[in-house]
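An overview of the molecular structure
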Amino acid sequence: MSSTRQSDTICRWEPTELASTILSASARQVIRAWISSKEFLDEHNDPVMLMMDTQSANSFAQLVQSTSPELAPLVVLNELLRKGVVEPLDNGSLLLRRSVYAPSQPRRHRAHRINRIFRADEAIARRRFNDTY
């Protein structure tokens, strides 16, 4: 990744587990660009609404093409609409649903917290999910 590309990236948001689970790799790539590229963030570094019209300056097609020229914007859009990840508005713009992205957390801190929770849970005797009554 070039230094120019890195300076155009904001690390405030990351895709949620939901988005990572239900979306194809190309759709996840587009979502990642939408929530991290300065070009598609507002002054508060929140994802902007994109126009469905391909002629607009801030269009969904522009986002997809900036992510990967091989991707077909209409195919990605149809997937995002079908999965309920974006919402089309009456004014012709697309709203990225908040359930698709969350505040970015440092990986080390989050892994440490998860390990601490699992160690604490090991001391508690529990039923296994496959136990029968």
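For the structure, check the block above.
So, how was this worked out
- Residues numbered from 1 in each chain as written.
- Predicted model: local features only at pLDDT ≥ 70, side-chain atom pairs only at ≥ 80, totals over all residues.
- Heavy atoms only, no water.
- Helix = DSSP H or I, 4+ residues; strand = E, 2+ residues; numbered from the N terminus.
- Buried < 20%, exposed > 50% of the residue type's maximum accessible area, 1.4 Å probe, protein only.
- Contact = heavy atoms within 4.5 Å.
- Areas by Shrake-Rupley, 256 points an atom, 1.4 Å probe, with all protein chains shown as cover.
- Phe/Tyr/Trp six-rings, centres within 6.5 Å; stacked < 30°, edge-to-face > 60°.
- Salt bridge = Lys/Arg side-chain N within 4 Å of Asp/Glu carboxyl O.
- Arc of directions from axis to C-beta.
- Pairing = 2+ DSSP bridges.
- Axes fitted to C-alpha atoms, helices over the stretch in contact; angles between N-to-C directions.
- Parallel < 35°, antiparallel > 145°, perpendicular 65-115°, else oblique.
- Nonpolar A, V, L, I, M, F, W, Y, C, P; charged D, E, K, R; others polar.

Considering the overall build of the protein
- Secondary structure summary: the protein contains 6 helices and 5 strands in total.
- For the protein, the α and β elements follow one another from N to C terminus as α-β-α-α-β-α-α-β-β-β-α.
- Here the protein holds 133 residues, and 29% of them are scored as buried.
- Long-range pairs, those at least 24 residues apart, make up 57% of the contacts in the protein with a sequence separation of at least 6.
- About 9,100 Å² of surface is accessible on the protein, with carbon and sulfur atoms providing 53% of the total.

Quick look at the packing of aromatic side chains
- Counted under the stated rule, the structure contains 2 aromatic pairs.
- Ring geometry for Trp 13 against Tyr 101: centres 4.9 Å apart, planes inclined by 80°, an arrangement best described as edge-to-face. Remark: Tyr 101 occurs in strand 5 (residues 101-103) and Trp 13 occurs in strand 1 (residues 13-15); sequence separation between them is 88 residues. Note on accessibility: Trp 13 and Tyr 101 belong to one class, buried.

Thoughts on the pattern of salt bridges
- A full pass over the atoms with the stated rule returns 3 salt bridges.
- For Arg 12, the salt bridge identified is with Asp 46, shortest N-O distance 3.1 Å. One end of the pair, Arg 12, is in the loop between helix 1 (3-7) and strand 1; the other, Asp 46, is in the loop between helix 3 (25-36) and strand 2 (50-51), and 34 residues separate them in sequence.
- A residue is classified by how much of its surface remains accessible, and Asp 46, at 23% relative accessible area, is partly exposed.
- Between Arg 97 and Glu 87 there is a salt bridge, with its nearest N and O atoms 3.6 Å apart. Of this pair, Arg 97 sits in the loop between strand 4 (93-96) and strand 5 while Glu 87 is found in strand 3 (residues 86-88), placing the two residues 10 residues apart along the sequence.
- Its relative accessible area of 34% is what places Arg 97 among the partly exposed residues.

Some remarks on helix 5 (residues 73-82)
- Of all the residues in helix 5, the buried ones are Val 76, Leu 77, Glu 79 and Leu 80. Buried residues in helix 5, looked at end-on, bunch into an arc of 160°, giving them a common side. Summarising the geometry of helix 5, the exposed residues directed more than 90 degrees from the buried face are Leu 74, Val 75 and Arg 82.

Some thoughts on the sheet that holds strand 3
- Sheet architecture is open: 3 strands sit in the order 2-4-3, paired in antiparallel fashion. Looking at the sheet topology across the chains shown, the edges are occupied by strand 2 and strand 3.
- Sheet topology note: the strand 2/strand 4 ladder contains 2 bridges and is antiparallel. Counted as the bridge partner of Met 51 is Ser 93 from strand 4.

Here we look at the packing of helix 4 (residues 60-67) against helix 5
- Where helix 4 contacts helix 5, the two axes come as close as 9 Å, and the packing angle between them is 110°. As judged from the angle between their axes, helix 4 and helix 5 are roughly perpendicular. Each of Phe 60, Ala 61, Val 64 and Gln 65 in helix 4 lies in contact with helix 5, whose residues at this interface are Pro 73, Val 76, Leu 77 and Leu 80.
- Of the residues in the contact of helix 4 with helix 5, the class split is 7 nonpolar, 1 polar and no charged.

Examining the packing of helix 3 against helix 5
- Viewed as axis vectors pointing N to C, helix 3 and helix 5 meet at an angle of 90°, and their least axial separation amounts to 10 Å. The angle between the axes of helix 3 and helix 5 places the two elements in the roughly perpendicular class. Counted together, Ala 27, Val 30 and Ile 31 of helix 3 and Val 76, Glu 79 and Leu 80 of helix 5 form the full contact between these two elements.
- Looking at the contact of helix 3 with helix 5 residue by residue, the classes come out as 5 nonpolar, no polar and 1 charged.

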